[in-house]
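A closer look at the structure
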Amino acid sequence: MSATPNDIANTETKKPRRKRNLVLWIAGPAVVLAIGAYFYVTGGRYVSTDNAYVHADQVNIAPQVGGRVVEVLVRENQAVKKGDVLFRIDPEPLEINVAKAQASLDSVHSLLGAARAGFRSAQATVSSAQEALRVNETQYKRMQELRQRGLVAQKDLDDAANNLANARGTRDSDVAALSKAEGLLGGVPSTPDEQLAGYKVAQVALAQAKRDLDHATVRAPMDGTIGKTNLQPGDFLGVGQAAMPLVATEHLWVDANYKETELTNVLVNQPATVEVDTYPGKKWKAHVSSISPASGAE
């Protein structure tokens, strides 16, 4: 069977139509997928903001003792390690306080030694007074018996009574002195000096004086960078007066400010990407550490 010219023309016309239909069947779904992907990405799966700032831990370095600054060993923007010396306070007044506290402790030690000697002496005195009292009590009883028999005068009995009263008074006074000496030793004369209140007070004063002297040397509490400071030798600093800021180099974070509606699907521990204007083209992997329940001061 032979084809007519019209049939040949119709066949050639249908071929481009088939190609166009094939392109539409392939390109159409691809365009739909591309549009869908665009809306998926921009419709809440990812959120971003330029309203973000890098932060770091910061402490204000301040001395724990007041005094005149005699040495500054760091400068502004200098990197330091934990324990590095930043500056020093004049140690001379603090060294004098340590010497005074040490002398007080030694004095308390000597006084306690004397108190122990006094206690032993008071013990001996009380024993002697007790014996004297016993003798006078016996003498008084004899005088009473002799007076009843008319063998001694009333004056002899009165003298014996007076001697007995004096012996009793002496004994009571010596017992009071013994109690006082015992009290100085904490009630137990064998107690070591280190366990007695007076000695402990002197020890604490010495420890405080040494601690203050140690704090005359101010050290960095962490690794970091020195901030703006104008501290100079000769400046006087009071206790707790800020001398210089120290910015940590270890713990950094970014505060990112989003609209409330952008945080709907943001959760703690989700991955994040951080770009810093100072380093264009460089990206850091991060994660959401926390989400503030409010904005600003509200």
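Here is a short report on the structure shown in this document. (Residues numbered from 1 in each chain as written. Predicted model: local features only at pLDDT ≥ 70, side-chain atom pairs only at ≥ 80, totals over all residues. Heavy atoms only, no water.)

Observations concerning the sheet that holds strand 1 (residues 52-61)
What counts is decided by this rule: Note on pairing: DSSP must find at least two bridges between two strands before they are called paired. Comment: elements are numbered from the N terminus, with helices defined as DSSP H or I runs of at least four residues and strands as E runs of at least two.
Strand order across the open sheet formed by four strands is 1-8-6-3, with antiparallel pairing between neighbours. Here the strands that pair on one side only, and so sit at the sheet edges, are strand 1 and strand 3 (79-80). One ladder, built from two bridges, connects strand 3 with strand 6 (residues 224-226); its direction is antiparallel. Across the sheet, the residue bridging to V80 is G224, located in strand 6.

Digging into the environment of V69
As a reminder, the rule being used: The buried label goes to any residue with under 20% of its type's maximum accessible area, the exposed label to any with over 50%, and the partly exposed label to all in between, with areas taken from a 1.4 Å probe on protein chains only. Contacts: residue pairs with any heavy atoms within 4.5 Å of one another.
Within the element layout of this structure, V69 appears in strand 2 (residues 67-72). Residue class for V69 comes out buried when judged on its relative accessible area of 0%. Along the chain, V69 and F87 lie 18 residues apart, while their C-alpha atoms are 7.3 Å from each other. Every residue in contact with V69, bar those within four places of it in the chain, is listed here: R88, I89, L231, Q232, P233, G234, D235 and L237.

A closer look at the packing of aromatic side chains
To keep it simple, the criterion reads: Within 6.5 Å between ring centres, the rings of Phe, Tyr and Trp (the latter by its six-membered ring) count as paired, and their orientation is classed by plane angle as stacked under 30 degrees, edge-to-face over 60, tilted in between. Distance and angle both matter: a charge sits over a ring if NZ of Lys or CZ of Arg is within 6 Å of the ring centre and within 35 degrees of the ring normal.
By the definition in use, this model includes one aromatic pair. Ring centres of Y279 and W284 lie 5.9 Å apart, and the angle between their planes is 75°; on these two criteria the pair is classed as edge-to-face. On the basis of relative accessibility, which here comes to 47%, the residue Y279 falls in the partly exposed class. Lying over the aromatic face of W284, K282 brings its terminal NZ or CZ to 5.4 Å of the ring centre.

In short, the description is geometric, and any link to function would need to be established separately.
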